[in-house]
Amino acid sequence: MTRLTDLTMAQARDGLAKGEFTSVELTEAHVKAMEAARGLNAYITETPDLALEQAKASDERRRKGEAGAMEGLPVAIKDLFCTKGVRTTAASKILHDFTPPYESTVSDNLLKAGAVSLGKTNLDEFAMGSSNMTSHFGGVTNPWKRRGDDSPLVPGGSSGGSAAAVAARIALGATGTDTGGSIRQPAAFCGIVGIKPTYGRCSRWGTVAFASSLDQAGPMTRTVRDAAIMLGAMAGHDPKDSTSAPMAVPDFEAALTGDIRGLKVGIPKEYRPEGLSDEIAKVWEQGIEWLKAAGAEPVEISLPHTKYALATYYIVAPAEASSNLARYDGVRFGLRVDGKSLDEMYAKTRAEGFGSEVKRRIMIGTYVLSAGYYDAYYAKAQKVRALIAEDFRKAYETVDVILTPTAPSAAFGMGEKMDDPITMYLNDVFTVPTSLAGLPGLSLPAGLNAEGLPLGLQLIGRPFDEETVLKVADVMEQAAGFTARPAGVEG
Amino acid sequence: MSYIIQGETGEWEVVIGLEVHAQVISKSKLFSGAATDFGSEPNTQVSFIDAGMPGMLPVINEVCVEQAVRTGLGLKAQINKTSVFARKNYFYADLPQGYQISQYDQPIVGEGTIILDMPDGSTREVGIERLHLEQDAGKSMHDQHPTKSYIDLNRSGVALMEIVSKPDMRSPEEAGAYLKKLRSILRYLGTCDGNMEEGSMRCDCNVSVRKKGETGLRTRCEIKNVNSVRFVMQAIEHEAMRHVEIYESGGDIKQETRLFDPNKGETRSMRSKEQAHDYRYFPDPDLLPLVLEDELIERIKADLPELPDEKKDRFIRDFKLSPYDAGVLVADRATADFFETVASGRDAKMAANWVMGDFFGAMNRLGRSIENPPVTAENLGKLLDLIADNTISGRIAKEVFELMTETGKDPSVIVEEKGLKQVTDTGAIEQACQAVVDANADKVAEYKSGKDKLFGFFVGQVMKNTQGKANPAMVNEILKKLLA
Amino acid sequence: MSLDKATVRTIANLARIEVPDEELDHLAGELSRIVDFVEQLSEVNTDGVAPMTSVAEMTLPRRQDVVSDGNCRDGVLANAPDADDGFFCVPKVVE
């Protein structure tokens, strides 16, 4: 029999249903694997006792015939989701000892669906980063290594801990959040599937906010089917979030029909900028071929404002963040550094509590909102954002889904791209437009580069049409036959 | 009536605009389900949203929205079908999120008007600039501990309406009249209890002065959080004088925020607010544009109560009251209702005199309120009926009224018990009159020789002998006959 | 450099983040590079374009006015660095 940690979520679900093993057994296997893989630093807080307790309760429910959609499946929760009674840090020193007295809607939905939580995964501080290197709790090591090179690579970010945990088989799946690519880029770097659903599909209530108009939770899994299962459990209208869409959650798994004949797939020419690496161009070409072979029709499209997306994002997101992070002031929770006056206490607390990338973004955000600059930066960015969204709207008059690369490169080494913030920001060049337009975007592993590192392709759908995205991804996944495994994870 | 400050260099006028923060009457807060009751234990009416905990999100209270619309309609103002909530960013210990959710360039209510009723019976219009919804902050207490301030977030997130006037007022009296009228309208509408002592209505005064005849506006100062009508008038008076003195001694006014010290009767600069502010307003991404349906506005419009101005017009028209009397009676809705109950089907002028005279007098003397009146409207009406049908005279009525305030009894019961019923039996009055004429032959002779003034003496004697119960008109008539 | 030291100091103060004087230069450089990068938006023609504040094509949902929350002081104060007698405590503020 396959090792329990090697099962997909769908296989584990079926095995539990058939009584081949219990949730306690499945959870114990993962707890053991989690302990063995501590070197990756994928988790900030492991909760093995709680996991086993939940597994026991799950087995009990199953005996009573009350199994939910994720019954007994051990998953990891990005440490940006508030978890009742379990420390939630956002990978920041300022929240290093914060224990929420409430459970985020998304993690609560998972628990209600029967899932077991293994712990809280590492991330870039406040989800700001593309490498997981900005975490107060240290970087995460990507389980993948370059062929013949033992130097550690980053897992991407910000959901780097979640991506690494899923790739390393120390969780069946994990939650991620995506503001400008934080699910899709680490999924690509770690050779797994990650979907950022349409803005409004998953509740933001109880998730530590980065940029409210962009933040979306989504699943990170090893297969498209698993993503469909987990997204179905995470999603749903939440009256506690005013931006949550009052829409029913479709049966995403049922959308995986394997039939994409006649679908028009947009291939945006602006995603082929000068200097795009050959290996990325090649895997994208390969993806187009798979789609053609399955009966879909590639159509060249234009998204003319694409090149302005990154600049737009780096105004909008820091602006919102500068305001969202004002609540970390040392008064009601989190770190406090004493000062002689209230203002001194604020300034010292925030100087010590936030890392340099977070401080940079808060200051940029403060600047672009300040008197005299609002119109030139923030208002301007909001207008360009409208143009970017309009590009997509027009494209969807002719195509059903769009295919692009997920990231401009494969995983890079720890310490690389750290000297200049802009170099790091460029990682998000292909994922940010989708975020600005609020559209669903999925990354799936499409192949390996010459160094043996996974490369991802991104599928972008119409608003609330995750079904088409998942259906196409499922077909591509079959075609890709991606069976490669990270170093140290035996087959 | 113009208010002029006579300076050494000439005449100055004062320019006043008021920003009133009115706490919306609602059960729960603007963006959370925590209660809004006044005076609860610290931090007990605080949800995780109000405490600005990580990941908490606002959801707007429909009643607060409706109250703002209702108030806007009551101020004859423009209702904006689309409005936007914005974040006003600043750090303060009692501002948990690090920003206040407010409305900035797209408020829910636009321009409107308030009509001031001045003490001399005249009226004056003051423009409303806007009304917007926003969250209240928590409360900082500075005297609990030698080195610490204590923070209570019970008020954090309570809905406020900020009502901004145009700089249309020209005297402290007008500012006072504005506040009274605004409070009256809010109370009629049931959108704010107007209680300035508990802080459910607070006022910021923007004051500047200018030479008489100048058209532009000079630098203004904002006096924050003044908490009574009297203090508002005092603060403005002091602040205007301060400006004039500074200008006349060659100085300039610095735009700043000031505090009014009621003990000293003066304003002083607020040090904590000296730091330059840059609120970095931007649309709150946790909220979407607030769009009001036409049906909602129409429904609220249809349910509006009669407001003080309309009621005043009606009282003048239907009850033939003077504008002054009508203004006094409608200022408070309960008083107006009380008056209407008393006046209904009776002589309205007499009802107004009784309510504004004996009744208000008794209320003040006994420390009662219109909600807990010394005499019920029904009983006061009955008293008026007893006068009208000649059961008692006006003089006896005053006596009965006093007994009513003491006993709370029905006036007819008091009249019965005390035997105060007016004598209207012609025979009995003739007898009493005859007796007085007989007993005062000398005075009769004087009267007949032309000393007309003595007539009052005879009436007085008859009334005295009948303990005031004789019908005065009949006494007059019969005496005239007897003395002819 | 688009941001000078004085501007960085002002921003840091607005954001209540203490920045030692010796770091101002370096920070001004970093922030300027970011600002220069986003400056490219000025070349986009946005005449007549309405700013997009949310992608959600909805209007604001409203909740009923019922008391459904609060009364959880222990939870509210549980993570407080300094609390006393049911209050949060901060260094004394002079008004």
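Residues numbered from 1 in each chain as written. Chains lettered and ligands numbered in written order. Predicted model: local features only at pLDDT ≥ 70, side-chain atom pairs only at ≥ 80, totals over all residues. Heavy atoms only, no water.

Engineer: How should I be thinking about the sheet that holds strand E9 (residues 139-141) of chain B in this particular structure?
Structural biologist: Pairing between the strands of a sheet comes from backbone hydrogen bonds, and it takes one of two forms, parallel or antiparallel. One open sheet holds the four strands; their spatial order is E9(B)-E10(B)-E3(C)-E2(C), and the pairing between them is antiparallel. Whereas interior strands pair on both sides, the edge strands pair on one side only; in this sheet they are E9 of chain B together with strand E2 (83-84) of chain C. With four bridges connecting them, strand E10 (residues 148-152) of chain B and strand E3 (residues 87-91) of chain C associate as antiparallel partners. Bridge pairing in E3 of chain C links Tyr150 of chain B to Cys89 of chain C. (Pairing = 2+ DSSP bridges. Helix = DSSP H or I, 4+ residues; strand = E, 2+ residues; numbered from the N terminus.)

Engineer: In this structure, what is going on with the pairing of strand E11 (residues 159-165) of chain B? I would like to understand it.
Structural biologist: As a general feature of sheets, a regular strand has side chains that alternate between the two faces. Residues and elements named next belong to chain B. With seven of its seven residues buried, E11 lies for the most part within the structure. What you see with E11 is no split at all: Ala159, Met161, Ile163 and Ser165 on one side and Leu160, Glu162 and Val164 on the other are buried throughout. Bridge count between strand E2 (residues 11-23) and E11: five bridges; the pairing is antiparallel. Bridge assignment links Val20 to a residue of E11, and that residue is Ile163. In this sheet, E11 lies alongside strand E8 (residues 123-135) in antiparallel orientation, the contact comprising seven bridges. Within E11, the residue paired with Ile128 across the bridge is Ser165. (Buried < 20%, exposed > 50% of the residue type's maximum accessible area, 1.4 Å probe, protein only.)

Engineer: What is the right way to read the interface of chain C and chain B from this model?
Structural biologist: One frequently used descriptor of interface size is the decrease in accessible area upon assembly of the parts. With 39 residues of chain C in contact, the opposing surface of chain B contributes 57 residues. Summing both sides of the interface, chain C and chain B together bury roughly 4,200 Å²; the carbon and sulfur share of this comes to 58%. For the pair chain C and chain B, the interface holds two salt bridges. Between Lys148 of chain B and Asp82 of chain C there is a salt bridge, with the nearest N and O atoms lying 3.0 Å from each other. One can count 28 residue pairs in polar contact (both at pLDDT 80 or more) joining chain C with chain B. Breaking the side of chain C that touches chain B down by element, the ones donating at least two residues are helix H1 (5-14), strand E1 (62-63), helix H3 (73-77) and E3 of chain C. The biggest single contributor to the side of chain C that touches chain B is E3 of chain C, with five residues. When the residues that make up the side of chain C that touches chain B are grouped by side-chain class, the tally is 18 nonpolar, ten polar and eleven charged. Alignment of strand E3 (residues 60-61) of chain B against E1 of chain C, held across two bridges, turns out to be parallel. (Contact = heavy atoms within 4.5 Å. Buried area = accessible area lost by both parts, 1.4 Å probe. Salt bridge = Lys/Arg side-chain N within 4 Å of Asp/Glu carboxyl O. Polar contact = N/O pair within 3.5 Å; in protein donor to acceptor, adjacent residues only side chain to side chain. Nonpolar A, V, L, I, M, F, W, Y, C, P; charged D, E, K, R; others polar.)

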